[in-house]
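Tertiary structure, described
This is what each chain is made of:
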Amino acid sequence: MSNMLNLKLKIWRQDGPHSQGAFLDVEANDIPEDASFLEMLDVVNERLIADDVEPITFGHDCREGICGTCGVMINGQAHGPEKATATCQLHMRKFNDGDEIVIEPWKAQAFPVLKDLMVDRRAFDRIVEAGGYISVPTGTPQDANATLVPKEVADTAMDAAACIGCGACVAACPNSAAQLFTSAKLGHLNVLPQGQSERWKRTEAMVETMEDFFGSCTNHGECHDACPKEISLDFIAFMNRDYVKAKIKNRSLASQ
Amino acid sequence: MVTLDAKIPDGPIAEKWDNHKFSVKLVNPANKRKFEVIVVGTGLAGASAAASLAELGYNVKVFTFHDSPRRAHSIAAQGGINAAKNYRNDGDSVHRLFYDTVKGGDYRSREANVHRLAQVSVNIIDQCAAQGVPFAREYGGLLANRSFGGAQVSRTFYARGQTGQQLLLGAYQALAAQIAAGKVTLYNRSDVLDIVTKDGEACGIITRDMLSGEVHAHSGHAVVLATGGYGNVYYLSTNAMASNVTAAWRAHRKGALFANPCYTQIHPTCIPASDEFQSKLTLMSESLRNDGRIWVPSGMDDARAAAEIPEDERYYYLEEKYPSFGNLVPRDVASRNAKTVVDEGRGVGPLKNGVYLDFAAAIERDGVEAVKERYGNLFDMYERITGEDPYQRPMRIYPATHYTMGGLWVDYNLMTTVPGLYALGEANFSDHGANRLGASALMQGLADGYFVLPYTIGDYLAPKLGDTPVPTDDPVFGNALSTIAEKNRQWTDKRGTHGVEHYHRELGKIVWEYCGMARNEAGLQKALSEIPALRDEFRKNVKVLGSGEGINTMLEKVNRVDDFMEFAELKVRDALHRRESCGGHFREESQTPEGEALRDDENFAYVGAWEWKGEDNEPTLHKEDLEFETVQLTQRSYK
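As the structure is a prediction and not an experimental result, all values here were calculated from the model.

Within chain B, the secondary structure is distributed over 17 helices and 19 strands. In summary, chain B has a C-alpha radius of gyration of 24 Å against a globular reference of 26 Å for 639 residues, a match within 12%. Once the C-alpha set of chain B is aligned to its principal axes, its extents read approximately 75 × 60 × 50 Å. Looking at chain B as a whole, 59% of its 639 residues qualify as buried. The contacts in chain B between residues at least 6 apart in sequence include a share of 73% that link residues at least 24 apart.

Now the structure itself:
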C-alpha cells in the first residue's frame, strides 16, 4: 500500500460570483501519496459530506490531462509545482508529509468564480467563435492528399493545437492576458496552407475579441511556465506579427 | 406494439447507401430554416451533426453539460481514425474495411450500416484535413498512416497521441463558426434530464441549468442524442468522470429500445487501480503492445521485484498460447487472459492486480533512444501516475472498461423507435457489433454526424413542413417539468448515511465482478438480485446536501447514479439472456476447447433490443435478426 501524508489545506470557498469568499482550513490526514491531486480533493469531499458539510466544487472531467476542465492555483502556482502537468495529473507524492497547501480558483476578471474553485471560462469560446476555424462546410472537399503540408509545418501546427484551453496561462499572467491561448489557436490555423484564405480576417477578429475580455501581454512568460502543454512563446510573436500585417491587409484589397 | 424495422435499403451492399440517398425525401434549402433541431452532446458525433445541420440551414440548439463544447470525452481518444483511403497501396479498400469491421465485431453488427461507415470513412479524412486537423505527415507532405490494433493494412490516420482531441477541435471549430453565424444556439452547463414526446413523437427535452438550478423546456421538430456510452456503470473506467447514461436511459423510459447493453469493450492496457480512492483508470495506448512483452511470474504469489525473477520463472502467456499473434491478439482476448492469470494468483504490483508489460527486450534490441522516440510521452505519463520508471522496470497493466458497443437501437436512418428521436456515435448500437476495432470509434462518431444524419433527417422532417414545434407551454412539457422539478426536490431532501459516490462505487463492484470480462449464469443471477437491493438502499439512504438552486454537484451526480442503477439491471439481464460468447461478451459456458469465445449463430445472430415496461415490470425483448449476405460467418482464431 502507498505511504500516507498528513496535510494542512487552505481551500477557497465562495458561494457564487457575487459572494464574499473565505478560506476553509482542513486537516487532511491519511492521504495516499499515489492519489492524484483531485483524488485528494475527492477524499476531503467524502469526509466533508460525512460531516454534513457541502463538498467543495471544482471543475474536472477526463482526469487524463486532455479535456482542460480542471485547474486550480496550488500555493500560488497554476496547476501546481510540477512542470507541464495539469492539476489532474499532479500526484500527491510530489508533496511532503506536513505540508501546508493553499488551493484557490483561477483569478482573473475574465474568469469569474462560479462556486468555490470553479470558474467561468466562456470568454475563450468567444475568441474561437470570432474566427478560430477554417470555413469548410461539410461536403466533399478535395482529396485529403491534394494539398501537401510539409512535415515541419504540420508539426508546428500540432504543437500549437495541443492547447487544452484550461486557462492556466491567464491565471498565471500578472495581467490576466490570454495571448498564449489566442496565439496557439492562430498558430495552428495560420501556418497551415488550408488556413491562408481567412488568415488576416481571423487574426484581427480573434485578437480584438481577446482584448475585449483580457488584459495586455507584457512578455513575462509566466503563461508558458504554467502551461501543461508547454505551448511556446514563439506563437505570441507570430500572432503579433500577423496582427500588424492584418491591420494593413484588411484595409483594402489593393494592399494584398 | 413495437416492431423493429431497420429500413435497410434494397440493392447490392455497395449500392445501398447511394440508393438510399436518392430515395430519402429532401427539404428544400429555403425551407430548412423553418425547422428546429435539438442536438444533445458536443463530442465528435454531436458537434459534427450540429455544425453540419446548421450549415445546411436548419436552426440548431445544442446542449452540453460541460462549460465548453470542446471538453466532451471524445477529446481523450489517443490512437487514431481509420479510413479506407488505401494511400499505402497495401490492398485496403472500402470492402476490406467493411469486412474487417463486421468480423472484428464478431458478426453481431448490421452489414448495411457497417458498409456505409466504410464508404464515408474516406470523406471524413478529406473533410478533417480541409478543416485544418494537423494529421501526422510524411516528409513529402502527404498524410502518414500506421497499422493499428492488429489490422493487416495501414489505414489509421493520427495526430500524435491526441487524435481525438484534434478531430474534436475540428468539429468544435466548425460548430463555433455556426454559433457565430447565429445558426446554432449553444446551451452550455445544461444537463438533459428528460426527453419529451407528444403523440408518440419526440418534441423536446427538459434540462437543468447547472448554474442556476432552474429546469427548462426546449422544443424542436427533432431531437438528436449524441451522449456517449455507459461505461461508467462500472464506476472505474477510462471514461471521464461525468460521462453518463442519463439522456439515453430517459429516452429508453420514453419508448426508445435499448440494444445489446451487455456489449462492453474492456481495454487490455490500462494502469491498475492503486487504492480504494481511485476515481478513474487511465488508458495507455494499445500501440505499446507492438514492442512490450506481457508476462507474469510462473509461480503463485511471487512477491519478488520483476528484475529478481529469472527468465525461466516468467510466464509469457500470450506468446505461449497464441504463437502467431503473440502480444498483439485482439483486445478482448488480451483482456480475458490477463484476468485469468491474475485470478490464478499470479498478479503483480502491491495489490497483485496487474500483469507486466516489459520493454527490456525492445530497449536491448533497439536502444533506449528508439523506444523513447516511439513511446516517450506514454512512458512519461505512466511515470507521472505511478511514480515508477518504465525504462528501468516493467509497466504494470490491467484491463479496464473503455467503450460500449450497445446503445439505443436505431434504424438505418439512425432514428430510434421513437419517431423524431435520433441517436449518434457511441450512444447508438449500430456499427461495432459485439466488439469494436481500434481507431473505429472516432470514425463512427464523425460518420454519423457529418455524413449520415444530415441526409437521413430530411426524410423525417420533409413531411412536417409548416408544422410549428410543440409549444413549451403545452401540457406535455408542463408535466415533464414538474415531474423533474419534484424529483430533484426529493433528492435534495435526502439526508441518509452515505454520499452518492459510495453507492456508485458499490454498484461498480457488482457489475465488474459479475458482468465484466467474463460472465456466467450463477454470477449474473446473483447480480440480478444484488443490484435492485442496492438501488433500494441507495434511494432510501443516500445523502444529498445543498438545495436544487445554484450549482450542486451532488444533485447532478445522484440523478446519473440513479439511472446507472436501473441501467445496470438491464445490462445484466441482457448478458444473462445471451447464452453465447461473442466479442466483448464472454459467457464462460460458451467457449471453445482452447478457451476462446464461442458464438451460437443458430440462436443468437440477432440484435437484442429491450423495451421498458415500467419500474415494476420486466422489460420485453425484441429481436432484429441479423442477415449476412456478403460476409461469411467464421470462428475467430488468433492462434
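All names here are of chain B. Where helix α4 (residues 94-104) contacts helix α5 (residues 111-131), the two axes come as close as 8 Å, and the packing angle between them is 135°. As judged from the angle between their axes, α4 and α5 are oblique. Where α4 crosses over α5, the two elements pack in a sense that is right-handed. Residues Val94, Leu97, Phe98, Thr101 and Val102 of α4 touch α5, and the partners they reach there are Glu111, Val114, His115, Leu117, Ala118, Gln119 and Ser121. Its residues placed into classes, the contact of α4 with α5 shows 7 nonpolar, 4 polar and 1 charged.

Bringing the packing of helix α2 (residues 122-129) of chain A against helix α6 (residues 199-213) of chain A into the picture now. All names here are of chain A. Closest axis-to-axis distance for the α2/α6 pair is 8 Å, and the angle between their directions is 160°. On the basis of the axis angle, α2 is roughly antiparallel to α6. In this structure, the crossing between α2 and α6 has a hand that is right-handed. Between α2, through Ala123, Arg126 and Ile127, and α6, the contact on the second element is made entirely by Met206, Thr209, Met210 and Phe213.

In this section: the sheet that holds strand β15 (residues 395-404) of chain B. Residue and element names in this part refer to chain B. If you walk across this open sheet you meet the 5 strands as β11-β15-β14-β12-β13, and the pairing is antiparallel. Across the chains shown, the open sheet's two edge strands, defined by having one partner strand only, are β11 (264-270) and β13 (314-315). Each of β11, β12 (293-297), β13, β14 (355-358) and β15 is contacted by helix α9 (residues 331-346), which is oriented at about 65° to β11, the strand it contacts most.

Here we take up helix α11 (residues 368-386) of chain B. Residue and element names in this part refer to chain B. Compared with the 27 Å implied by 1.5 Å per residue over 19 residues, the 20 Å span of α11 between its first and last C-alpha is markedly short. The sharpest bend along α11 comes to roughly 80°, located at Tyr375. Within the span of α11, buried status applies to Val371, Tyr375, Met381 and Tyr382. Next to the buried residues of α11 lie α10 (360-366) and β15. Among the residues trailing α11, Gly387 stands out with phi positive, at a value near 75°.

Here we take up the interface of chain A and chain B. Of the residues lining the interface, 65 residues belong to chain A; the matching set on chain B comes to 67 residues. Broken down by secondary-structure element, the contributors of at least two residues to the side of chain A that touches chain B are α1 (37-50), β6 (113-115), α2, α3 (151-161) and α5 (179-191) of chain A. Broken down by class, the residue content of the side of chain A that touches chain B amounts to 29 nonpolar, 19 polar and 17 charged.

All names here are of chain B. With antiparallel pairing, 4 strands are arranged side by side in an open sheet as β16-β10-β18-β19. Strands with a single pairing partner mark the edges of an open sheet, and in this sheet they are β16 (407-408) and β19 (620-625). Inspection of the sheet shows strand β18 (residues 606-611) paired to β19 by 6 bridges, in the antiparallel sense. Looking across to β19, one finds that Ala609 is bridged to His622. Along the sheet face, helix α16 (residues 553-577) touches β10 (258-259), β18 and β19 and points at about 145° away from the line of β18.

Criteria and cut-off values
Along each chain, numbering runs from 1 in the same order as the chain's sequence is written. Note on labels: chains are lettered from A, ligands numbered from 1, in written order. Two thresholds apply to this predicted model, a pLDDT of at least 70 for residue-level local features and 80 or more for giving and counting side-chain atom pairs, whereas whole-chain, interface and lining totals are computed over all residues. In DSSP terms, a helix is any run of H or I states spanning at least four residues, a strand is any run of E spanning at least two, and both are numbered starting from the N terminus. Restricting the calculation to C-alpha atoms gives the radius of gyration, and the globule rule supplies 2.2 Å times the number of residues raised to the power 0.38. With C-beta atoms placed from the backbone, a residue counts as buried when 20 or more other C-beta atoms lie within 10 Å of its own, as exposed when 12 or fewer do, and as partly exposed for counts between those limits. By the convention adopted here, residues make contact when the C-beta atoms placed from their backbones lie within 7 Å. Under this scheme, a helix contributes an axis fitted over its contacting stretch, all axes are lines through C-alpha atoms, and angles between N-to-C directions fall in the 0 to 180 degree range. With respect to orientation, any angle under 35 degrees is reported as roughly parallel, any angle over 145 as roughly antiparallel, any angle of 65 to 115 as roughly perpendicular, and every other angle as oblique. We call a crossing left-handed when the near helix sits turned anticlockwise from the far one by less than a right angle, and right-handed when that turn is clockwise. Classification convention: Asp, Glu, Lys, Arg as charged; Ala, Val, Leu, Ile, Met, Phe, Trp, Tyr, Cys, Pro as nonpolar; all other residues, Gly among them, as polar. In this description, strands pair whenever DSSP reports at least two bridges between them. Residue count minus one, scaled by 1.5 Å, sets the expected span of a helix. For a residue, the bend is simply the angle between two axes, fitted respectively to the seven-residue segment ending there and the seven-residue segment starting there.

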